[in-house]
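Read off the chains here:
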Amino acid sequence: MPDPQPVTVGPGGVAAAGGILLALALAAVVLDGVLAARAAGLPAGAAVARPLDETVRLLRQRRRAPVSSDVLLWRLGGGGLVVVALLMVAVVPLGRWVVADLDVGVVWFNAMDVAVWVLVWLVGWGPNSVHSLVGGYRFLALALAYELPLMFAIVAPAVGAASLRVADVAAAQEGLWFVVWMPVAFVVYCLGVLAFSLWGPFAVPLGRDVAGGVLAELSGVDRLLVQAGRYALLAAGAAFAVPMFLGGGSGPVLPGWAWVLVKTVLLLGALVALRRRLPAVRPELAMEVGWVVLLPAVLVQDLVVAVVVAARG
Amino acid sequence: MGLRRWVVGRAVRAARVLVVECPGARPARMAAEQAVAARGWRIAQTPASADVLLVVGEVRGGLDEVVDRLWEALPGPRARADVRTEGDAAAALARAAAVLVDGRGQRADAEQRDAAGAGPGDDTGGHDHDDTGGHDHDDMDMAPDGIPLAEGAEQDRDGLEMDALPVRLGPVLPDWPAGLVIDVVLHGDLVVTAAAAAVGGPEHDPVSEPLPEDTATVAAARCDDVAAVLALAGWEEGARAARSARDVLLARRGDDARATLVDLRHRVEHSRWLRWSLAGTGTVTPERARDLGLAEDVVGDCRDRLLVLITRAEAAARRYGASGLDAPVPDVPAVPLTAVGPLLEGCDLGAARLVVASLGSDLVPDPVPQREAAGA
Amino acid sequence: MTLQTVLLVAAALFAVGLYGAISQQVVVMVMMGLEVMVNAVLLAAGAMWWFLAPDPAGQVLLLVVLAAMTVEMAAGFAVATLVHRHRGSDMTDSATDLAG
Amino acid sequence: MLLDVAFWVLGLVAVASAVLVFVVDSMARATYALALSFVAVGLALLLLEQSYVGVVTVLMMLMEMAVMGVYMVMYMGMNPALMPMSMVHDNRAALGVSAATFVVLAAGALLVPWPVRRGVPAPDVTAALGEALMGRQMLVMVVVSPVMVATIVTGVVLAAGRTRYDRFGDDLDASPPRDPHRGGVGR
């Protein structure tokens with residue numbers, strides 16, 4: 001049972017939250033590796049140790065900076081992604097505990113996902129390379145398409161719960177999860193998560209057709225941070241969906257925190273599994289879809305939610 | 001000491017390989033990619049992420065400079081391997097692994113690079129920056145570190161008359177025909193002018209030399225073309241299927257490959273998402289094809305040409321499967337190199353890459369040698 | 001943290017923004033100067049609200065400031081783009097005749 | 001105490017990064033220095049217990065600066081190389097005016113006998129703000145919304161290179177529109 005007044009944790013809890021997020025990100029990496037190995041008909045066992053090997057490899061590799069690069073901005077952008085993911089989960093209650101019980105947690109999450117705009121563009125801009133920069137611009141183009149629908153998608157649960165505090169939103173789903181009567185908002189939210197994590201069909205800013213895009217010039221620990229940031233953002237997006245749409249910690253038998261983790265892992269797994277199935281969304285096509293299809297759809301969803309809430313009184 | 005060895009062992013187990021394919025070395029490259037996968041290593045997309053530089057084929061005319069630049073762009077620890085024929089790859093990669101594991105040698109390499117002032121930080125990104133030398137600015141201040149700033153363009157689709165940036169695409173990019181370079185002028189990510197040329201091939205020879213008369217290898221190469229388009233379209237599952245058909249053909253199991261290709265064709269035809277994402281990219285009208293001297297089957301958009309490529313791969317695989325012998329594969333019409341540039345104009349960078357891949361790899365240069373344009 | 005100290009910071013921000021808005025030649029840089037000034041106004045208004053009269057109506061003013069800032073940016077960029085299309089220039093000096 | 005330290009740090013960051021906007025040599029750095037200044041002010045507003053306005057400031061300004069960065073690069077065509085650049089006129093006069101402004105404003109801030117605080121904040125400031133916006137102060141919302149819409153329309157009309165006649169032909173009935181690229185919904 002979710003507690004309407006969650007307990008704010010101390011420094012130890014902050015570290016624990018960071019640890020849980022990184023563990024979730026690591027689980028996503030392993031799952032992705034296992035799925036890739038299975039698709040290629042290889043034994044899945046090798047994929048489990050793969051993230052460790054890759055991490056060690058990148059830590060051993062030397063950093064490099066192309067000529068005329070803006071190293072400061074480049075590394076700020078690369079290092080910032082993990083930080084933003086951590087700041088996102090800061091408002092997600094884990095059962096009774098939460099890192100920061102902001103009364104505007106929903107808006108906070110939104111502000112953090114906008115910070116990804118800045119960071120990805122900086123990663124693209126920093127190295128002074130054509131393909132990186134095209135990747136950075138691609139992300140902004142995608143962002144203009146997905147951000148407003150995403151924003152209005154998380155408005156729906158907030159309206160449904162009549163609160164911007166994440167714990168209140170979770171508590172308002174006693175009996176009926178928001179995903180059931182806000183399916184459009186949930187789907188659009190998931191698309192937004194895929195997009196700000198540079199994942200699956202929305203991975204065009206680092207697409208093969210631009211030679212790796214924002215990743216093109218990254219090596220060593222810089223590359224590790226950006227890749228870790230992507231997985232952490234995906235995990236944070238999945239974690240935030242739990243109190244918003246999936247009933248927070250409610251569920252039988254298990255305690256609230258366990259249910260939050262179980263639901264997060266399930267959604268994260270679904271998002272990871274989506275990765276290889278769909279071709280890329282070309283950014284020039286995304287804009288019109290975002291504004292002509294998704295935005296009106298979520299607005300209608302918001303209207304429906306508002307009417308239901310008003311009718312209930 | 002034990003810890004260091006553990007770290008190095010782990011790191012080398014996940015090594016990434018940047019493959020440089022010289023013109024004419026396609027069979028060797030496909031075999032090398034298989035060898036890379038067999039070691040549990042992966043293919044790198046860019047020099048920045050690579051540990052091993054694997055040069056496949058004979059380095060000729062102009063390509064040696066490119067390879068040197070790429071070698072400098074590898075961050076290190078790094079190893080270089082050269083492969084000439086299909087059978088060599090596994091041994092070369094084993095040697096490269098030994099070089100990567102050798103901590104003392106890598107430290108010496110790093111120190112030497114630092115001392116020479118050419119550490120991993122001082123490359124020019126290899127293929128990313130043009131250095132055609134054609135940009136003599138009056139004011140050298142406008143070219144910090146020797147890289148000219150983007151300059152205003154006369155004609156701009158946005159009407160904003162800004163940012164014309166000359167860039168050379170190739171000759172080493174993921175899923176890119178060997179030895180092809182395209183000098184483009186970009187407005188942002190929009191290709192305004194493009195001129196294709198060939199480097200690294202012997203004079204008057206095609207970019208991709210005629211494939212060997214071995215039916216299975218030809219069919220595998222056709223599958224490789226399909227995989228390139230699908231990979232560039234961002235559809236990993238489809239690209240993987242095409243590559244597995246390729247590998248099956250290289251292992252001389254034609255029937256399995258045909259089944260995979262038939263299935264892939266079905267999925268490509270029925271994927272609404274792929275239709276949506278590729279429709280209208282790089283459309284060629286019949287008139288335009290005639291003007292550029294292209295065959296009928298390039299007419300349409302990238303998706304149509306992808307289906308043509310799949311059909312060709314299927315036909316080649318069927319020919320191999322049916323005869324079980326090395327029966328000749330039907331010829332496909334070659335694409336003249338001069339026609340490539342005009343097709344890219346007006347596309348954005350990603351679409352341009354798709355168009356190049358969708359033409360297949362049977363590109364032939366103009367009868368007139370293009371050596372000057374190649375800037376070799 | 002008192003009203004005076006917050007207003008002092010806001011005054012410094014405002015002065016910096018004013019310097020930028022007066023001295024810069026390029027349209028977008030001038031706009032950045034204006035933005036810094038509005039930023040100062042935002043901070044000052046927030047401080048006055050909190051230290052003088054913390055009723056809800058005051059916060060509405062802050063939202064209006066934010067809205068004004070976005071409108072200013074959007075209109076500014078639109079005009080800058082228009083000027084650029086017609087003159088190929090981004091300097092304020094070359095657009096003085098827009099006044100009349 | 002902690003609050004004071006936090007405020008002074010944020011204030012310092014806000015002013016210092018605002019100065020940097022006009023000092024640094026790169027368009028990207030200038031833009032993101034401004035973004036940093038806004039974020040610092042937004043967080044300072046959080047300290048002043050205005051969580052909604054503070055967080056919305058961070059949100060909107062990060063977004064705005066990300067887009068502004070594109071404009072900066074577009075109009076100034078710089079690569080990330082740090083080019084020494086000076087694009088100022090009347091530098092000395094500007095410095096004088098702004099210094100004088102600061103003195104006047106600071107003197108005002110310190111010397112004006114500010115009244116004592118009236119009333120106490122609502123227990124839930126954000127909810128109170130929402131009720132004010134949807135209740136007594138609704139006129140503000142009613143005015144701001146059409147102004148925003150008008151701005152969007154005006155901005156597009158001013159900045160767009162092609163009109164709808166260019167896209168749809170003289171009778172506006174061309175189908176599909178003559179765009180260099182098709183959009184995503186299959187028109």
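These figures come from a predicted structure and were not determined experimentally.

Asker: Hey, could you run me through the overall build of chain B in this one?
Answerer: Looking only at helices and strands, chain B has 14 helices and nine strands in total. For chain B, the residues scored as buried account for 54% of the 376 residues in total. Here the analysis covers contacts within chain B between residues at least 6 apart in sequence; of these, 68% occur between residues at least 24 apart. Counting only carbon and sulfur atoms, one obtains 51% of the accessible surface of chain B, whose full area is about 15500 Å².

Asker: Explanation requested: the overall build of chain D in the structure shown.
Answerer: Broken down by element type, chain D carries seven helices and zero strands. Moving toward the C terminus, one meets the helices and strands of chain D in the order α-α-α-α-α-α-α. A buried classification covers 41% of the 187 residues belonging to chain D. Expressed as a percentage of contacts within chain D between residues at least 6 apart in sequence, the contacts between residues at least 24 apart total 46%. Carbon and sulfur atoms make up 69% of the accessible area of chain D, which totals about 9800 Å².

Asker: Could you clarify how one ought to interpret the sheet that holds strand β6 (residues 180-187) of chain B in this entry?
Answerer: The strands making up a sheet associate through backbone hydrogen bonding, with each pair oriented either parallel or antiparallel. Residue and element names in this part refer to chain B. Strand order in the open sheet formed by three strands is β5-β6-β7, with antiparallel pairing between adjacent strands. This sheet does not close on itself; its edge strands, each paired only once, are β5 (165-169) and β7 (190-198). Within this sheet the neighbouring strands show an average axis-to-axis angle of 20 degrees, counted without direction. Against the sheet, helix α13 (residues 349-358) touches β5, β6 and β7, its axis set at about 155 degrees to β6.

Asker: I'm lost on a nonpolar patch on the surface in this one. Help?
Answerer: All names here are of chain D. A contiguous nonpolar patch, built from M134, M138, L139, M141, V142, V143 and V147 and spanning about 620 Å² of accessible area, is present on the exposed surface. For the nonpolar patch, the element with the highest residue contribution is helix α6 (residues 138-159), accounting for six residues. Residue placement: L139 occurs in helix α6.

Asker: How should I be thinking about the pairing of strand β3 (residues 52-56) of chain B in this particular structure?
Answerer: Taken residue by residue, a regular strand's side chains alternate between the two faces of the sheet. All names here are of chain B. The element β3 is extensively covered by neighbouring structure, given that five of its five residues are classed as buried. Across five bridges, the pairing between strand β1 (residues 16-21) and β3 is parallel. Of the residues in β3, the one forming a bridge with V17 is V52. Here β3 runs beside strand β4 (residues 79-83); their pairing, made up of five bridges, is parallel. When the bridges of β4 are listed, V56 appears paired with V83.

Asker: So what exactly am I meant to see when it comes to the environment of Q301 of chain A here?
Answerer: Residues and elements named next belong to chain A. Mapping Q301 onto the fold places it in helix α11 (residues 283-312). Owing to a relative accessible area of 6%, Q301 belongs among the buried residues under this scheme. Along the primary structure Q301 and V155 are separated by 146 residues, whereas in three dimensions their C-alpha atoms are 9.8 Å apart. If we ignore the near neighbours within four places in the chain, the residues touching Q301 are A156, W181, M182, P183, V184 and A185.

Asker: Just to check I follow, could you spell out the nonpolar core for this structure?
Answerer: Most often, soluble globular proteins keep nonpolar side chains buried together rather than apart. Within the largest apolar cluster, 171 residues are counted, with the highest numbers of intra-cluster contacts made by W117, Y189, F196, F240 and F245 of chain A together with L13 of chain C. In terms of residue count, the dominant contributor to this core is helix α4 (residues 105-125) of chain A (17 residues). Looking at which domains feed residues into this core, each of domain 1 (1-79) and domain 2 (124-187) of chain D gives three or more. Sequence-distant contacts of Y189 of chain A, that is, excluding residues within four places in its chain, are made with F109, L150, A153, I154, G237, F240, A241 and F245 of chain A. Of all hydrophobic cores here, the second largest spans 71 residues; its members include L230, L232, A242 and V355 of chain B.

Asker: Quick question: what am I supposed to make of the sheet that holds β1 of chain B here?
Answerer: Residue and element names in this part refer to chain B. Pairing in this open sheet of four strands is parallel, and the strands run β2-β1-β3-β4 from one edge to the other. Every other strand in the sheet has two partners, leaving β2 (42-43) and β4 as the edge strands with one partner each. Together, β1, β2 and β3 form the strand contacts of helix α2 (residues 26-38), whose direction differs from that of β3 by roughly 150 degrees.

Asker: In this structure, what is going on with the interface of chain D and chain A? I would like to understand it.
Answerer: The extent of an interface is frequently quoted as the accessible surface area lost upon association of the parts. Taken together, the contacts link 29 residues of chain D with 31 residues of chain A. Both sides together, the interface formed by chain D and chain A hides about 2700 Å², and carbon and sulfur atoms give 76% of it. Our enumeration of links across chain D and chain A arrives at zero salt bridges. Put simply, chain D and chain A have two residue pairs in polar contact (both at pLDDT 80 or more) between them. For the side of chain D that touches chain A, the secondary-structure elements that each account for two or more residues are α2 (27-47) and α3 (51-76) of chain D. Looking at the side of chain D that touches chain A element by element, the count peaks at twelve residues for α3 of chain D.

What counts and what doesn't
- Residues numbered from 1 in each chain as written.
- Chains lettered and ligands numbered in written order.
- Predicted model: local features only at pLDDT ≥ 70, side-chain atom pairs only at ≥ 80, totals over all residues.
- Heavy atoms only, no water.
- Helix = DSSP H or I, 4+ residues; strand = E, 2+ residues; numbered from the N terminus.
- Buried < 20%, exposed > 50% of the residue type's maximum accessible area, 1.4 Å probe, protein only.
- Contact = heavy atoms within 4.5 Å.
- Areas by Shrake-Rupley, 256 points an atom, 1.4 Å probe, with all protein chains shown as cover.
- Pairing = 2+ DSSP bridges.
- Axes fitted to C-alpha atoms, helices over the stretch in contact; angles between N-to-C directions.
- Patch = residues over 30% accessible without salt bridge, like charges linked within 9 Å, V, L, I, M, F, W, Y side chains within 5 Å.
- Salt bridge = Lys/Arg side-chain N within 4 Å of Asp/Glu carboxyl O.
- Core = buried A, V, L, I, M, F, W, Y, C linked by side-chain atoms within 4.5 Å.
- Domains from an automatic or database assignment.
- Buried area = accessible area lost by both parts, 1.4 Å probe.
- Polar contact = N/O pair within 3.5 Å; in protein donor to acceptor, adjacent residues only side chain to side chain.

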